[in-house]
Amino acid sequence: MKLLLHWLRWDLRRFRLLLFVWTLLVLGYAAFLGWLHQNILTVDPAWMEWSQPIALVLAVVEVILLLHLLSTDPALGTDPFWKTRPPRGFAVAGAKMVMVMGFFAVLPMAAWWTMTCWSVPPGAVTHGWGETSWTLFLWWWHAFLIGTISLGASVIRHPRQILLAVAAAFALSLMPMLVALILKPAFLDVMPMVLDQAVKAFTQPVFAGWLLLAGCLCFWLARTHRTPSPWWRLVVVLFPAVLLVVVPLKPEAKRKILLQPETPNVTAASTIRVGGLQLRKGLPVYSLPKAFAMDEEYPWAEFEMQLQVTGLPDDLPAVAGWRTLKLTAPDGRVLQGNEAMMQARTIRRMKGGTANLLPVSGAIFDVREVIPFSLLPCRAEGTLRVMLQRKESVEWVPAAGSQLAAPMAQFEMPEDEFNGHLWQGVLRWTPMGPGELGNILIQLRKTGTGERLPVSLNDREIRTGFLLQRQQHKGHLRFPMGVDFRSYLRQREFQKGFPVSDWALELSWQQPDGYVDIPVVVEPFILPRQKGDARPMPDLIRAVSLEGNASTEQIRLRLTTLLMLANQPASGSAREAAVEAALEEKLGQLAAPQLPLLLEAARSGLIPAHSYYPVLSDGPLKRRLLTLLQPSDLVVLETEKELFAFLEAELRAAGLVTAEPEPKVPAAMSDAELEDWDLQNRGRPEGIAMLQEAARRGLPWAFKSILHVIEIVGFEETRFSNRSRGLLRLISTISDCPEDFVPAKIWLKENGDQLVWDATLKRWVLPPGNPDR
Amino acid sequence: MSIQFQSLTKHYRAGDEALSGLTFGIAPGSVFALMGRNGAGKTTTIHLLLDLLLPTRGEARIFGIPSSKLGPEHRQRIGYVSENQRLPDWMRVGEFLRFLKPMYPSWDDVLTARLLKLFALPLHQRLDRLSRGQRMKAAFLGALCYRPDVLILDEPFSGLDSVMRQDLLDALIEFLGEGERTVLLSSHDLGEVERLADTIGVLNYGRLGLRGSIDDLLTGAREVSFLTSHPQVPPGLPENWWNPVASAHGITFMAAGVTEEAALTEAILAHWPGAERLTMHAPGLSRFYIDYLRHTETTAAPASSTAHSL
């Protein structure tokens, strides 16, 4: 250790100039960012443009310095000075690692933290290890660099070899991806996890940590031996490879405890009394999670509910969130929520007004601690903060002669949105009043018609963009925008640029306008089944208590919970029978007066009729309902035939259900009926027969409807647009569009948005004066 | 033995044998000169001894410790100077000494001051700005000031002018006079070897071809010349008669391992009956060494792995 410190002292002296320059650069950059943040309203936007180039230069400088520092005093070779002197290899290597970690990991992160603490408003930049945290990104970047370059530097004979060795180390670091490529086709998912600043990369601090550990260990191990033997060098190469392959890329599914999706996340509240505002009635919130996996990266259970609120000022958005919350079990056990996590959670926004529903979430419990409270009638006490917000907006009309946005930068067809195109561009927007940009709503409004196009900040751009581009409260901003085009014609119009005379940018945001903290008591309710509660389903059903002095509302919620538990898919007839028996036992406790509660539980609307499993639709629920229902009660179900479809036979027997009329065939529909259908179903290719009929009749709207469908489904060979019998052929019957497939596509692209209806010819034609006419 | 080589073998590549089964020892307090042609394996031997290279087979030991297991406490007793040694060039001479001092508990400030004065090194000059001779002086300074028990010198004098050599030699001689120091010296400079070493070993194609004390080697060697009416070299001459050369009227050669001159005379007359005006005298180290190397050239490939211990 003494010699390590001695070597470190002399290494610091040796590289003092480089380290001094590096420190100045890092601190200067942090100061620059701090200055930008503190003067965000007055600083020339051009200064912000410098932040990214400087970051890039810093990254390059860092790579060069790391290569230089780590390649000195190599382990191999016969002429390094240190090898003929007393210090052991680990002292020399250890001194370098301490120096590198100090100046290239701790210093930048400390500078970043200091800058954000001093200059950035709380909440504007994430400090923690969140999904988009810059702390995490800094960690990732520095760990990746140090780890990889250490790997390379551990086996070099001469500083000249460092580049080659680092290239090999990069290849080694990428080995997990190659393995992933070979083993499974998820390569494209893995690649951004490792290299990009994509979301998943930010969630992989463990990967970065392992890489850093592997690199440092290799460096240290190689240097521990004054002259590493070939065998030892092989270990040095294989060790990180095994480490990197085995640890971070273990399939995510295997790292979690996966349980079958069995029960929904049921949270309910009953009577709530508060001072000041009146929260009248808690409504249950249900969601159907895909799986009850124990997520190691997010081990928190949230408490969600909806509260009906009166007394809120009209037309003000309100935001509600828990500040404190504790759960009390019937046996007196108390579980405190994590207040820090509660306050860090984004709180949902809801439009205000009288008697509004406020979704409340964010009271977070450690998921492991909350498991013992699963399905118990717990009491919740806490403080709810309701924040009121004032809505403000501004309209920005660009200067005459300019364009609101540049021509389209790129097109992208999201996989999950087949009927729209995403347009991405960059908008510079300079003057702006105060407001919460995190909640900003941007719309393009056509001045003539008032038509609005929603513009969204592009998620990916936000994440990969520099910190100054996002989450600013005030100041100059650049918006990566996405415009969701519903129409191919509109997309083409925007492709040429937004004409200033036609469009203006409208920005609106919410301004905080005070809040009130409300003490809340939630009477005992059934806590939903928690992640990790692995009891068999019959036991879970039996655990839901229907006895005691529960209120009507509580009984209703418990019944709802019972039905949702029983409605989970069961595997195997034996298991289904056990669930059925348990539910039979529970529902058997219900008496006739509780029938409305059972009906209400069933009609809560959270269990779609088509999702009923046999246990409910043809099992204990049906039998119990038929036992309790009197013929006269069936009348109340008349308007809920969809919900109680499993009682259809009984309803029909009672004469309450009549057969649906047969739909008309398109040929039998009038022109008006066809057009009504088109207006209501625009963009749905399923009604192709109706469009065919409209085209056959030469109805004027048919062209645009058919074109619209083609825009959506594309020009590819589909059953709607193929050469022989697709919609293209129909268009040619009502316009000058050629019949041949390829010329028809070209013709449509050139003329599709210019055609006008000629009532005399009963055809779509190019307008008079068009040279192509 | 302070230094011991046991069957030390080093192959850089298959078939490329730099050292082959080197086995010998250096007694404490002796100055051993390792000699040989360029590429004979001298530097490789030293690198293996210092654990700068891994042996293919065998091992080298210092203080009885295998090289690969030498710890800081052992290295604090070893000095090393090489013509190719990389120094921390970014340091000034004074910094270099301050850098080294904490690594060596036996560092002697008085000796340092004396050597600094002897070498006349500028303390504030960076090492990379020093001349070659001054750099070697700095290297010597960094190797002598802690009074190492074993000093390993790899071509320390090559390329230096006479004054520099003399300064370094003076320092070395003073160092040797202080106590029982073991020195392994690799050098081509026969004058310095003769002044410093008491034992030499000659490496030849990776094998130790000749080893012994300088006095013994030279005492048993004779430069022989005589006239004869048949100046031809007959076959079947003794192996220790090196480089027999026939001129117009006579023969010359170097006889090694001579115990009695009378016996040598008889042997010569047996091969050349008419030999006359026979002269024989003891050679200098330089002549002896060169004749040995020429002799090994004529016998081509390495004759045997056993050293000529004469």
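About the criteria used
Residues numbered from 1 in each chain as written. Chains lettered and ligands numbered in written order. Predicted model: local features only at pLDDT ≥ 70, side-chain atom pairs only at ≥ 80, totals over all residues. Helix = DSSP H or I, 4+ residues; strand = E, 2+ residues; numbered from the N terminus. Buried ≥ 20, exposed ≤ 12 C-beta atoms within 10 Å, placed from the backbone. Contact = placed C-beta atoms within 7 Å. Core = buried A, V, L, I, M, F, W, Y, C linked by C-beta atoms within 7 Å. Axes fitted to C-alpha atoms, helices over the stretch in contact; angles between N-to-C directions. Parallel < 35°, antiparallel > 145°, perpendicular 65-115°, else oblique. Left-handed = near helix turned anticlockwise from the far one by under 90°. Expected span 1.5 Å × (residues − 1). Nonpolar A, V, L, I, M, F, W, Y, C, P; charged D, E, K, R; others polar. Pairing = 2+ DSSP bridges. pLDDT = per-residue confidence, 0-100. Right-handed = clockwise from strand over helix to strand, strands pointing away.

Student: Which parts of the structure should I look at to understand the overall build of chain B?
Tutor: Within chain B one finds ten helices and 14 strands. Out of the 310 residues in chain B, the part that is buried amounts to 38%.

Student: What is the right way to read the overall build of chain A from this model?
Tutor: Of regular secondary structure, chain A possesses 29 helices and 17 strands. Within chain A, buried positions represent 35% of all 773 residues. Long-range contacts, defined here as pairs at least 24 residues apart, represent 74% of the contacts in chain A between residues at least 6 apart.

Student: Would you mind going over unusual backbone geometry with me for this structure?
Tutor: Residues other than glycine predominantly adopt negative phi, and peptide bonds predominantly adopt the trans conformation. The backbone of Lys762(A) shows a phi angle near 55°, a positive value even though the residue is not glycine. Along the chain, Lys762(A) falls in the loop between β16 (756–758) and β17 (763–765). Of note, the phi angle at Arg147(B) is positive, near 50°, even though the residue is not glycine. Within the secondary structure layout, Arg147(B) lies in the loop between α5 (132–144) and β7 (150–154).

Student: Teacher, can you tell me more about the nonpolar core here?
Tutor: Note on soluble globular proteins: their nonpolar side chains tend to be buried together. Phe32(B), Leu141(B), Ile152(B), Leu184(B) and Leu185(B) are the most contacted members of the largest nonpolar core, which has 82 residues in total. Look past the residues within four positions of Leu184(B) in its chain and what remains in contact with it is Ile3(B), Ile26(B), Phe32(B), Leu34(B), Ile46(B) and Ile152(B). Grouped together as the second largest cluster of nonpolar side chains are 50 residues, Trp322(A), Ile518(A), Leu557(A) and Leu565(A) included.

Student: I would appreciate a short explanation of the packing of helix α2 (residues 16–38) of chain A against helix α5 (residues 89–119) of chain A in the present structure.
Tutor: For any two helices packed against each other, the geometry comes down to the angle between their axes and how far apart the axes lie. All names here are of chain A. Look at α2 against α5: their axes get within 9 Å of each other, and the N-to-C directions meet at 20°. It follows from the interaxial angle that α2 and α5 lie roughly parallel. Considering the relative orientation of α2 and α5, their crossing is right-handed. On the side of α2, the interface is formed by Leu 19, Trp 22, Thr 23, Val 26, Leu 27, Ala 30, Leu 33, Gly 34, His 37 and Gln 38, while α5 contributes Phe 103, Leu 107, Pro 108, Ala 111, Trp 112, Thr 114, Met 115, Trp 118 and Ser 119.

Student: I tried to follow the environment of Ile688(A) on my own but got confused; where do I start?
Tutor: Residue and element names in this part refer to chain A. As for its placement among the helices and strands, Ile 688 is situated in helix α26 (residues 688–697). By C-beta crowding, Ile 688 is classed as partly exposed, having 17 other C-beta atoms within 10 Å. Between the alpha carbons of Ile 688 and Pro 666 there is a distance of 9.8 Å; along the sequence they are 22 residues apart.

Student: Looking at this structure, how should I read helix α19 (residues 552–566) of chain A?
Tutor: Every α-helix carries 3.6 residues per turn, so stepping three or four residues along brings you back to the same face. Its 15 residues place the ends of α19(A) 21 Å apart at the C-alpha level, agreeing with the 21 Å of an ideal helix rising 1.5 Å per residue. Most of α19(A) is tucked away: 14 of the 15 residues are buried.

Student: So what exactly am I meant to see when it comes to the interface of chain B and chain A here?
Tutor: Note on interface size: it is often stated as the accessible area lost on association of the parts. The interface is formed by 19 residues belonging to chain B together with 17 residues belonging to chain A. Here the residues of the side of chain B that touches chain A sort into twelve nonpolar, four polar and three charged.

Student: Where do I start with the sheet that holds strand β13 (residues 250–255) of chain B in this structure?
Tutor: Neighbouring strands of a sheet are bound in pairs by backbone hydrogen bonds; such pairs are parallel or else antiparallel. Residue and element names in this part refer to chain B. Taken in spatial order, the four strands make up an open sheet running β12-β13-β11-β14, and their pairing is antiparallel. Lying at the two open borders of the sheet, with one neighbouring strand each, are β12 (241–246) and β14 (276–281). Here the strands of the sheet are splayed against their neighbours by 10° on average, with no regard to which way each runs. Bridging between strand β11 (residues 222–227) and β13 involves six bridges; their strand directions are antiparallel. Directly across from Leu 227, in β13, lies its bridge partner Gly 250. Running at roughly 140° to β14, helix α9 (residues 261–271) makes contact with β11, β13 and β14 of the sheet.

Student: Sorry, what's going on with the pairing of strand β3 (residues 31–36) of chain B here?
Tutor: Every other side chain in a regular strand lies on the same face of the sheet, so the side chains alternate between the two faces. Residues and elements named next belong to chain B. By the criterion of burial, β3 is predominantly enclosed, with six of the six residues buried. Side chains Val 31, Ala 33 and Met 35 of β3 all project onto a buried face; the interleaved residues Phe 32, Leu 34 and Gly 36 project onto the opposite face, where all are buried too. With four bridges connecting them, β3 and strand β8 (residues 182–186) associate as parallel partners. Counted as the bridge partner of Leu 34 is Ser 186 from β8. Pairing between β3 and strand β9 (residues 199–204): five bridges, direction parallel. Among the inter-strand pairings, Met 35 is bridged to a residue of β9, identified as Val 202.

Student: Would you take a moment to explain the sheet that holds strand β2 (residues 16–26) of chain B for this structure?
Tutor: All names here are of chain B. If you walk across this open sheet you meet the four strands as β2-β1-β4-β5, and the pairing is antiparallel. Of all strands in the sheet, those bounded by a partner on one side alone are β2 and β5 (65–66). As paired strands, strand β4 (residues 57–62) and β5 are joined by two bridges and run antiparallel to one another. If you follow Ile 62 over to β5, its bridge partner there is Ile 65.

Student: What is the right way to read the confidence of the model for chain A from this model?
Tutor: Reading predicted coordinates in detail is not appropriate for stretches of low pLDDT. Residue and element names in this part refer to chain A. Within chain A, residue pLDDT values average 67, and 51% of them lie at 70 or more. Of all secondary-structure elements in chain A, the lowest mean pLDDT belongs to strand β1 (residues 265–267), at 30, while strand β6 (residues 334–336) reaches the highest, 90. A low-confidence stretch, residues 196–203 (pLDDT under 50), is modelled with 21 contacts involving residues beyond four sequence positions or located in other chains. Here residues 398–440 scores under 50 on pLDDT; set against residues more than four positions off or in separate chains, the count is 85 contacts.

Student: Explain the environment of Trp113(A) to me, please; I cannot follow it from the model alone.
Tutor: Residue and element names in this part refer to chain A. Looking at where Trp 113 falls in the secondary structure, it is placed in helix α5. Assessed through the 15 C-beta atoms surrounding it within 10 Å, Trp 113 is described here as partly exposed. For the pair Trp 113 and Ala 30, spaced 83 residues apart in the sequence, the C-alpha separation amounts to 9.2 Å.

Student: Could you clarify how one ought to interpret the packing of α2(A) against helix α4 (residues 51–71) of chain A in this entry?
Tutor: All names here are of chain A. The interhelical angle for the contact between α2 and α4, taken along N-to-C directions, is 160°, at an axis separation of 11 Å. Considering the angle they form, α2 stands roughly antiparallel to α4. Here α2 runs over α4; the crossing is left-handed. Taken together, the residues of α4 that come into contact with α2 (itself represented by Leu 18, Trp 22, Leu 25, Tyr 29, Leu 33 and Leu 36) are Ser 51, Ile 54, Leu 58, Val 61 and Leu 65. Taken together, the residues that form the contact of α2 with α4 break down as ten nonpolar, one polar and no charged.

Student: Explain the pairing of β8(B) here, please?
Tutor: Residue and element names in this part refer to chain B. The buried count for β8 comes to five of five residues, which makes it a mostly enclosed element. Neither face of β8 is exposed, since Thr 182, Leu 184 and Ser 186 on one face and Val 183 and Leu 185 on the opposite face are all buried. With respect to chirality, the unit in which β7 leads through helix α6 (residues 162–176) into the neighbouring parallel β8 is right-handed.

Student: Help me out: how do you make sense of the confidence of the model for chain B in this one?
Tutor: Counting all residues, the mean pLDDT for chain B is 85, and 96% of those residues have values of 70 or more. Confidence drops under a pLDDT of 50 for residues 301–310 of chain B, and excluding neighbours within four residues, the segment shows 22 contacts in the predicted structure.

Student: It is not clear to me how the environment of Leu141(B) should be interpreted in this structure. Could you clarify?
Tutor: Positionally, Leu141(B) belongs in helix α5. In the structure, Leu141(B) is positioned 48 residues away from Val93(B) in sequence and 9.7 Å away in space, judged by C-alpha atoms.

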